[in-house]
Amino acid sequence: MSKLRRLNQIFASDGRAVVAALDGFVFSKATTGIDATSARIARLVDAGLDAALVTYGQAQTYEHELTKVTTILRVDASTDVYDPSVPKTAAFFDVNDALKLDAAGIVCMTFPGADSRESESHQMLARLARQAAEWSMPVIAETLPFGYPITSTQSDDPHYIAAAARFSAELGADIIKTRFTGTADDALIVKNASRPVLALGGPKTDTLTYFKFVYHCIEVGARGVAVGRNITQDPNPVGMVAALHALVHENVKPELAFDIYKRQTTND
């Protein structure tokens, strides 16, 4: 299968995507809601979900449910799952595993500016990108300046994020998943990346404020969102996906997205 065909499985015909990040089990013990969300993936697809980031174990545990959605295999994992800062990651799977699972792509983290972790994560991305090129497999780089948590003013600076995004593109990433700050300078991230950019999940806040953040990300050029806890820990994940679909694919205003979310609460 060509890389373009696989990319078209991840992105809808408008070139945008709503992606559920269900891969938290390999990074944290804070995984409330992931199993329940995985079990009802068909409902999320009906609401407008385009793809899901999954672990190797999830691809096996929820094999039947995940046949309903495009999957992207998380190939790296934390080397200290009890440390919420995710100090380091390593590659435990690769493109061969993704092919066996019929995944449309792979995803791994990189940590620009994070001491020794920078070199290790970038070498991992480059190795995976070379292997993926042989099989026409898209690679998503989840690029997190200075590390997994936002720890400094620099790590939440669009100029630093933009430079990090471009670095991942230069190492072979086909898609960049990274932070957006909610400021107008986020447009720099999209412009500098030279690849489609998915906005990383976003803040845990009230629902309307979150929809305003997503609307902003699309306005400045993001090609979609990759959302974890704002789907899996929301009391109405189906409504959340329906609202995100409207924001990403239909360019609706945040207030209308909130109405869609509330209507789904009534009907679900």
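Right, let's walk through the structure included here. (Residues numbered from 1 in each chain as written. Predicted model: local features only at pLDDT ≥ 70, side-chain atom pairs only at ≥ 80, totals over all residues. Heavy atoms only, no water.)

All right, on to the pattern of salt bridges then. Counted under the stated rule, the structure contains eight salt bridges. One salt bridge connects D76 with R74, and the closest N-O pair in it is separated by 3.0 Å. In this structure D76 comes out as buried when scored by relative accessible area, which is 2%. With a shortest N-O distance of 3.2 Å, E142 and K177 are connected by a salt bridge. Of this pair, E142 sits in strand β7 (residues 139-143) while K177 sits in strand β8 (residues 175-178), and the two are 35 residues apart along the sequence. A relative accessible area of 5% means that E142 is categorised as buried. (Salt bridge = Lys/Arg side-chain N within 4 Å of Asp/Glu carboxyl O. Buried < 20%, exposed > 50% of the residue type's maximum accessible area, 1.4 Å probe, protein only. Helix = DSSP H or I, 4+ residues; strand = E, 2+ residues; numbered from the N terminus.)

Here the focus is helix α7 (residues 116-135). Between its terminal C-alpha atoms α7 stretches 30 Å, which fits the 28 Å expected from 20 residues at 1.5 Å a residue. Inspection of α7 places R117, S121, H122, M124, L125, A126, L128, A129, Q131 and A132 among the buried residues, and these make up the whole buried set. Buried residues belonging to α7 abut β4 (76-78), β5 (89-91), α6 (95-100), β6 (105-110), β7 and α8 (158-170). Note on α7: the residue one or two positions beyond its end, S136, has a positive phi of about 55 degrees. (Expected span 1.5 Å × (residues − 1). Contact = heavy atoms within 4.5 Å.)

So, on to the side chain of R117. By the element assignment, R117 lies in helix α7. Although buried, R117 forms no salt bridge, and the nearest oppositely charged side chain, D115, lies 4.5 Å from it. Beyond its immediate stretch of four places on either side in the chain, R117 contacts V86, P87, K88, F111, F146 and G147. (Lys, Arg positive; Asp, Glu negative; His and termini not counted.)

Okay, the sheet that holds β7 next. The eight strands lie next to each other as β1-β2-β3-β6-β7-β8-β9-β10, forming a closed barrel whose pairing is parallel. Here the average twist between neighbouring strands, direction ignored, is 25 degrees. Sheet analysis places strand β9 (residues 197-200) next to strand β10 (residues 224-227), joined by three bridges and oriented parallel. From the neighbouring strand, A199 faces β10, where its bridge partner is V225. In this fold α7 packs onto β6 and β7, with an angle of close to 165 degrees to the strand it touches most, β6. (Pairing = 2+ DSSP bridges. Axes fitted to C-alpha atoms, helices over the stretch in contact; angles between N-to-C directions.)

Before going further, it helps to examine the packing of aromatic side chains. Summed over the entire model, instances satisfying the criterion amount to eight aromatic pairs. Ring geometry for F146 against Y160: centres 5.8 Å apart, planes inclined by 50 degrees, an arrangement best described as tilted. Linking F146 in the loop between β7 and α8 with Y160 in helix α8, this pair joins segments that are 14 residues apart in sequence. According to the relative accessible area criterion, F146 is partly exposed, its value standing at 22%. Linked through ring pairs, Y210, F211, F213, F258 and Y261 together constitute an aromatic cluster. Lying over the aromatic face of F11, R223 brings its terminal NZ or CZ to 5.1 Å of the ring centre. (Phe/Tyr/Trp six-rings, centres within 6.5 Å; stacked < 30°, edge-to-face > 60°. Lys NZ or Arg CZ within 6 Å of the ring centre and 35° of its normal.)

This paragraph deals with unusual backbone geometry. Within the chain, V86 stands out as a residue other than glycine whose phi angle is a positive 45 degrees. Its place among the elements puts V86 in the loop between β4 and β5. Positive phi values are uncommon outside glycine, yet S136 reaches one of about 55 degrees. Of note, S136 is situated in the loop between α7 and β7.

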